[in-house]
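The lines below spell out each chain.
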Amino acid sequence: LASGAGVIAAGTMLGKVTASGKYVASAVAASDGSEVPAAINIYGADASASDVTVSGLVRDAEVNGKCLTYHADRDQPAEKAAANAALANLGVIVR
């Protein structure tokens, strides 16, 4: 997780920042590459002050959609469906 990403809960959809290759919570309004979900964080971490290494689901998995945490600006059903579809393209299926 990139420094400055803040406290990231388990199950948070993460996007990968193109310039750094580091992950942050995937926000619809982002324009740095992280707007496209690329992983799901497996456990909570605090990346407020420094980079943090975490484990994440990036391919070939099925997850319970009720256990996912979306960025606060991804609050519309269509935005959540698009995020789930982006993960499906990676082989991470949200049920």
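See above for the structure.
So, how was this worked out
Residues numbered from 1 in each chain as written. Predicted model: local features only at pLDDT ≥ 70, side-chain atom pairs only at ≥ 80, totals over all residues. Heavy atoms only, no water. Helix = DSSP H or I, 4+ residues; strand = E, 2+ residues; numbered from the N terminus. Rg over C-alpha atoms; globule rule 2.2 N^0.38 Å. Buried < 20%, exposed > 50% of the residue type's maximum accessible area, 1.4 Å probe, protein only. Contact = heavy atoms within 4.5 Å. Areas by Shrake-Rupley, 256 points an atom, 1.4 Å probe, with all protein chains shown as cover. Lys, Arg positive; Asp, Glu negative; His and termini not counted. Charge placed at Lys NZ, Arg CZ, Asp CG, Glu CD. Pairing = 2+ DSSP bridges. Axes fitted to C-alpha atoms, helices over the stretch in contact; angles between N-to-C directions.

Peer 1: Honestly, the overall build of the protein chain in this entry has me stumped. Any pointers?
Peer 2: Helix and strand content of the protein chain: one helix and eight strands. Since a compact globule built from 95 residues should have a radius of gyration of about 12 Å, the 12 Å found for the protein chain is in line with a globular shape. Dimensions of the protein chain, computed from the C-alpha atoms along their principal axes, are close to 35 × 25 × 20 Å. Per-residue burial for the protein chain yields a buried fraction of 34% across its 95 residues. In the protein chain, once contacts between residues fewer than 6 apart in sequence are set aside, the share between residues at least 24 apart is 55%. Carbon and sulfur atoms provide 54% of the accessible area of the protein chain, an area that totals close to 5,100 Å². Within the protein chain, one finds 7 positive and 9 negative side-chain charges whose respective centroids are separated by 7 Å.

Peer 1: I would appreciate a short explanation of the sheet that holds strand E4 (residues 37-41) in the present structure.
Peer 2: The strands that make up a sheet are held in pairs by hydrogen bonds between backbone atoms, and each pair lies either parallel or antiparallel. Ordered in space as E3-E2-E4-E6, the four strands form an open sheet in which the pairing is antiparallel. Edge positions in the sheet fall to strand E3 (23-25) and strand E6 (56-57), since each has one partner strand and no second. Judged from the three bridges that link them, strand E2 (residues 13-16) and E4 form a sheet pairing that is antiparallel. Of the residues in E4, the one forming a bridge with Gly-15 is Pro-37. Sheet contacts for helix H1 (residues 77-88): E2 and E4; angle to E4, the most-contacted strand, approximately 90°.

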